[in-house]
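The primary structure of each chain is shown beneath.
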There are 2 protein chains.
Amino acid sequence: MTDAIQLGLCGLGTVGSSVVNVLKRNGELINARALRPLKLAHVGARRDNPLCSLEGIRVSRDVFAPADDPEIDIVIELIGGTELAKELVLRAIGNGKHVVTANKALIAEHGNELFAAASANGVQVCFEAAVAGGIPIIKTLREGLSANRIEWLAGIINGTGNFILTEMRSAGRDFNDVLKEAQKKGYAEADPTFDVEGIDAAHKLAILAAIAFGMPLQFDKTFTEGITTLDLVDVAFAEELGYRIKHLGIARMGARGVELRVHPTLIPEKRLIANVDGVMNAVLIKGDAVGATLHYGAGAGGDATASSVIADIVDVARVIDGGSSQQVPPLSVSQTALESPDIVDIEDVETAFYLRLSVLDEPGVLSTITRQFSDVGISIEAVIQKQPADDEKTVPLILLTNKTCQKTLQQAIDGVQSLTANAAPIVRLRVENLG
Amino acid sequence: MTDAIQLGLCGLGTVGSSVVNVLKRNGELINARALRPLKLAHVGARRDNPLCSLEGIRVSRDVFAPADDPEIDIVIELIGGTELAKELVLRAIGNGKHVVTANKALIAEHGNELFAAASANGVQVCFEAAVAGGIPIIKTLREGLSANRIEWLAGIINGTGNFILTEMRSAGRDFNDVLKEAQKKGYAEADPTFDVEGIDAAHKLAILAAIAFGMPLQFDKTFTEGITTLDLVDVAFAEELGYRIKHLGIARMGARGVELRVHPTLIPEKRLIANVDGVMNAVLIKGDAVGATLHYGAGAGGDATASSVIADIVDVARVIDGGSSQQVPPLSVSQTALESPDIVDIEDVETAFYLRLSVLDEPGVLSTITRQFSDVGISIEAVIQKQPADDEKTVPLILLTNKTCQKTLQQAIDGVQSLTANAAPIVRLRVENLG
């Protein structure tokens, strides 16, 4: 057995304490797989965490201490946030240490700079835990599917949002009601903006897309639409049409460039990914050789995230003596080989659409309205129109269009909204077949 | 750019020609990911394959020629079978070449010997394509989940069988009828024994289990039960009880050792894996840290299999100069660290059971029969009994038991079969919750 790899852990929250516990519980097994012992030698944390014991481990109250400790080979960054974490990771890299992090915001927003620094210093920055928790999706995309031209990927990559959508559908509860429960259960933060507005999913999508298409991280160009305004009635109408609404992160390589978008999406209920419920995550990847593959598992939680953090550590440990400092480039190709395709403006992205109109219950309305769509070349694939309730003068009218871009659709919508038969703003959701 | 890696391909069937085509189609992309050019330099094949062009590639009619070619770095074994393939792979290893193979029978039956030879010669033997086609399941289990103690795994790892079961359920067609269609579509061989008797699945299960539990390959100890005698009526009763029947390969680490078994299995229809239909494959893995993860995709087909073959080549190419000859041990831990837990006899494996009896339509029958089960400590979790058709003297009686071992169940079955109320042999299928 060669010398032990010395690990330094910065941050001792839920994931940090799970890393301590899993390393202890499965230590012998993990060492056998890493082909050498891993030793958690130094923890930097402002305070202890009752969820784990640090007996026999050097502890510093300065979270940066492990990054400056000359004994440490691999620094595990679990402090979260972006500014301090960035400083910490750059410090570790500068000190010649490999870095493992679970920090999606850090990688999505500062990854390009961190990878360049790591490459210059001959160390690795690993981030499997940053996307989809315990699912080894980075490894799958970067190594397992390396023969493929990736055509598109679509993921349920925020557990909080998926929990809310699942409850809305299965229990018929509205968004705010379920959000409160999610907060009580610890699935959602006190300020849920990052989750429900799709920012967290956009961080993860930016990472997956950069790897899939061998391009720099482009979080700031990701279109993001949340689920906060999603109405229960649309969940029900979608179901009636054979669809489920999921909050998807979608990246697609097309003739005009790369689409990067997070939004509520209708998908056919027969797709496996439509049946991924609760806080679970799943990523569907379409490669030109392999076809579609789906990867499902826990997207959050201490132990599941620790599973990916430790897998990264084992990967580094297995090659740490290999001489080749960066065995697998962070974004699948070397920093110098990254390409920068255009990012398609959301206005130009083509999808099918679900529309809910509220129209006056008068003769000829359906014809008048659908003409606005056919006039701009949009055909209607499905319609739901029901009789009004006794005291109602308007009825909901649900339309499913064929594939079109938002720009063209907007012309039709403008036309409809100028009609007297139209009684309210039009609800618009995107539809993806994912076939 | 460093020197090109020279690839030698042995065998030019469906997968071989796909490897040629995908390497050509995505060559630039694959080279960027491999960090150096891959050059298909020598093909050994008895005859050309019209599905691909070998222009500019040295071709030998002796399939062994690439293994003896001093220019070749990596030999791709795609000739199939076991004896000749074993000889070829040992020859390549002896010549100091890395080997990539898609041959599950070869690995399952001779892997221990091949890995020992590879280790002694400082080369790698990679076999991602041997299990579940294009799904990177070996990599997921061996690297992505390396932090976990694997508790169990269960897979739909034979597409032919899954196609047949899917058609039986969805179209109400019987086994032989669907088998004929599968043969016509090219999903099943003229002699379908390997697929429908579970031998192919047992090969793959033995490989997955060896990696999951860090033990030598033990194909010969795998219990195998096919789907040839599966009756349509049981598919329908299973559905009535909320289950689907899938032909699963299951490996489980328990207190008494490792269970290794392939058999038709009732699983709750709400599980994602119960909804994996047609020729698709999926593997569900339960790790102690990550929980359950599911990995889904095409289990066969030229391009999907080539996807995994080429991913292995890229893996080897990325580390070929690294000095460390076997970065990731074939069975997850080094050859010397493999352990040999007991393999549990199928008689001692505990599961719930589905039973279909044919009983006389007489008063007190249900009580008499169920007493046979309670007498040996088995409780009945669900029952279906229907009124007999007008001209029938017997009725089917469906019982779902709690978890028990086959030995105990057999006592109850012996008791029932001695009763005059019992009119026919009892159909018995295992049930797994997979929760």
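Predicted, not measured: the structure shown is a model, and the values here were computed from it.

Cut-offs and rules
- Numbers given for residues are sequential positions, taken from 1 along each chain in its written order.
- The naming scheme follows written order: chains are lettered A onward, ligands numbered 1 onward.
- Only residues with pLDDT of 70 or above have their local features reported here, since the model is predicted, and side-chain atom pairs are shown and tallied only from 80 upward, although totals for entire chains, interfaces and linings are computed over all residues.
- Numbering of helices and strands starts at the N terminus; helices are DSSP runs of H or I of at least 4 residues and strands are runs of E of at least 2.
- Radius of gyration means the value over C-alpha atoms here, while the globule rule gives 2.2 Å times the residue count to the 0.38 power.
- For every residue, the other C-beta atoms within 10 Å of its own C-beta are counted; 20 or more classify it as buried, 12 or fewer as exposed, and values in between as partly exposed. C-beta atoms are placed from the backbone.
- C-beta atoms are placed from the backbone for every residue, and two residues are taken to be in contact when these atoms lie within 7 Å.
- Angles run from 0 to 180 degrees between N-to-C directions of axes, and those axes are lines fitted to C-alpha atoms, restricted for helices to the stretch in contact.
- Geometric relationships in this document are graded by angle, where less than 35 degrees denotes roughly parallel, more than 145 denotes roughly antiparallel, 65 to 115 denotes roughly perpendicular, and other angles denote oblique.
- Less than a right angle of anticlockwise turn of the near helix away from the far helix marks a crossing as left-handed, whereas a clockwise turn marks it as right-handed.
- What counts as a domain boundary in this text is fixed by an automatic or database domain assignment.
- Here the nonpolar group is Ala, Val, Leu, Ile, Met, Phe, Trp, Tyr, Cys and Pro; Asp, Glu, Lys and Arg are the charged ones; every other residue, Gly included, is treated as polar.
- Alignment of copies: least-squares fit on C-alpha atoms of residues with pLDDT of at least 70 in both copies.
- Only strands that DSSP links by at least two bridges are regarded as paired with each other.
- Within a predicted model, pLDDT stands for the predictor's per-residue confidence, ranging from 0 to 100.
- Read the arc as the range of directions from the helix axis to the C-beta atoms.
- A set of buried Ala, Val, Leu, Ile, Met, Phe, Trp, Tyr and Cys residues, joined to one another through C-beta atoms within 7 Å, is what we call a nonpolar core.

## Quick look at the overall build of chain A
- In terms of regular secondary structure, chain A is built from 14 helices and 17 strands.
- A compact globule built from 435 residues would reach a C-alpha radius of gyration of about 22 Å, and chain A, at 24 Å, matches this within 12%.
- For chain A, the proportion of its 435 residues judged to be buried stands at 55%.
- A sequence separation of at least 24 residues applies to 75% of the contacts in chain A between residues at least 6 apart.

## Notes on the environment of Ala304(B)
- When you line up the elements, Ala304(B) lands in helix H12 (residues 302-319).
- In the structure, Ala304(B) is positioned 289 residues away from Val15(B) in sequence and 8.6 Å away in space, judged by C-alpha atoms.

## As for the packing of helix H5 (residues 104-121) of chain A against helix H10 (residues 199-213) of chain A
All names here are of chain A.
- The geometry of H5 relative to H10 is characterised by a closest axis approach of 9 Å and an angle of 55° between their N-to-C directions. Considered as vectors, H5 and H10 are oriented oblique to each other. Relative to H10, H5 is oriented so that their crossing is left-handed. Contact residues: Lys104, Ala105, Ile107 and Ala108 in H5; Asp200, His203, Lys204, Ala206 and Ile207 in H10.

## Concerning the domain arrangement of chain A
Residue and element names in this part refer to chain A.
- Its domain assignment divides chain A into domain 1 (5-134 + 302-337), domain 2 (139-298) and domain 3 (348-431).
- A C-alpha centroid distance of 27 Å is found between domain 1 and domain 2.
- Counting residues at the interface gives 19 residues for domain 1, matched by 21 residues for domain 2.
- Partitioning the side of domain 1 that touches domain 2 into residue classes produces 11 nonpolar, five polar and three charged.

## Concerning the relation of the copies chain B and chain A
- Laying chain B over chain A is done by rotating through 180° and shifting 0.0 Å along the axis; what remains is an RMSD of 0.0 Å. Taken together, the rotation angle and the small translation identify this as a two-fold axis.

## As for the pairing of strand S4 (residues 74-77) of chain A
Residue and element names in this part refer to chain A.
- Of the two faces of S4, the one carrying Ile74 and Ile76 and the one carrying Val75 and Glu77 are both buried.
- Pairing between strand S1 (residues 5-10) and S4: four bridges, direction parallel. Paired with glycine 8 across the bridge in S4 is valine 75.
- Summarising the sheet, S4 and strand S5 (residues 98-101) pair through four bridges and their orientation is parallel.

## Structural notes on the confidence of the model for chain A
- Averaged over all residues, the pLDDT of chain A equals 95, while 98% of them reach at least 70.
- Listed scores for the predicted complex are pTM 0.97 and ipTM 0.96.

## Points about the sheet that holds strand S6 (residues 125-126) of chain A
Residues and elements named next belong to chain A.
- The six strands lie next to each other as S3-S2-S1-S4-S5-S6, forming an open sheet whose pairing is parallel. Taken across any chain shown, the strands that pair with only one partner, and hence form the sheet edges, are strand S3 (58-60) and S6.
- Note that strand S2 (residues 38-44) and S3 share three bridges and pair parallel. For histidine 42, the partnering residue across the bridge sits in S3 and is arginine 58.
- Lying on the sheet, helix H12 (residues 302-319) is in contact with S1, S2, S4, S5 and S6; it crosses S5 at an angle near 160°.

## A short note on the packing of helix H6 (residues 137-144) of chain A against H10(A)
Residue and element names in this part refer to chain A.
- Between H6 and H10, the shortest axis-to-axis distance is 9 Å and the interhelical angle comes to 15°. Classified by the angle between their axes, H6 and H10 sit roughly parallel to one another. Between H6 and H10 the crossing geometry is right-handed. Only Leu208, Ile211 and Ala212 of H10 make contact with H6, whose side of the interface consists of Ile138, Leu141 and Arg142.
- A breakdown of the residues in the contact of H6 with H10 according to their chemical character gives five nonpolar, no polar and one charged.

## Points about the pairing of strand S15 (residues 394-401) of chain A
- Relative to S15(A), strand S13 (residues 350-360) of chain A runs antiparallel, the two being bridged by seven bridges. Among the inter-strand pairings, Leu360(A) is bridged to a residue of S15(A), identified as Thr394(A).

## Some thoughts on helix H13 (residues 365-375) of chain A
Residue and element names in this part refer to chain A.
- Listed in full, the buried residues belonging to H13 are Val365, Ile369 and Phe373. The buried residues of H13 occupy an angular sector of 65° when the element is viewed end-on, so they sit on one face. Counted as exposed and oriented over 90 degrees from the buried face of H13: Ser367, Ser374 and Asp375.
- Buried positions along H13 lie against S13, strand S14 (380-385), S15 and helix H14 (406-417).
- At the C-terminal side of H13, glycine 377 shows a positive phi close to 85°.

## Digging into the interface of chain B and chain A
- Facing the 53 residues of chain B at the interface are 53 residues of chain A.
- Broken down by secondary-structure element, the contributors of at least two residues to the side of chain B that touches chain A are helix H2 (27-34), helix H6 (137-144), strand S12 (291-298) and H12 of chain B.
- Residue contributions to the side of chain B that touches chain A peak at 10 residues, all from H12(B).
- Pairing analysis gives three bridges linking strand S12 (residues 291-298) of chain A to S12(B), with the strands arranged antiparallel. Within S12(B), the position partnered with His295(A) by the bridge is His295(B).

## Remarks on the nonpolar core
- One finds Ile310(A) and Ile310(B) to be the most contacted residues of the largest nonpolar core, which totals 308 residues.
- With near-sequence residues (within four places) excluded, Ile310(B) lies in contact with Ala147(A), Val19(B), Val22(B), Leu23(B) and Ile30(B).

## Side note on the sheet that holds strand S2 (residues 38-44) of chain B
All names here are of chain B.
- An order of S3-S2-S1-S4-S5-S6 is seen for the six strands of this open sheet, with the pairing classed as parallel. The open sheet is flanked by strand S3 (58-60) and strand S6 (125-126), the only strands paired with a single partner.
- Seen against the sheet, helix H1 (residues 14-25) touches strand S1 (5-10), S2 and strand S4 (74-77) and runs at an angle of roughly 155° to S2.

## A closer look at the environment of Gln410(B)
- For Gln410(B), the location among the structural elements is in helix H14 (residues 406-417).
- Remark: the alpha-carbon pair of Gln410(B) and Leu165(B), spanning 245 residues in sequence, is separated by 27 Å.

## As for unusual backbone geometry
- We note that Leu35(A) has phi near 70°; this positive angle belongs to a residue other than glycine.
- Position of Leu35(A) relative to the elements: it lies in the loop between helix H2 (27-34) and S2.
- The phi angle at Ser332(B) is positive, at roughly 80°, despite the residue not being glycine.
- Of the residues examined, Ser332(B) has 24 C-beta atoms within 10 Å and is grouped as buried.

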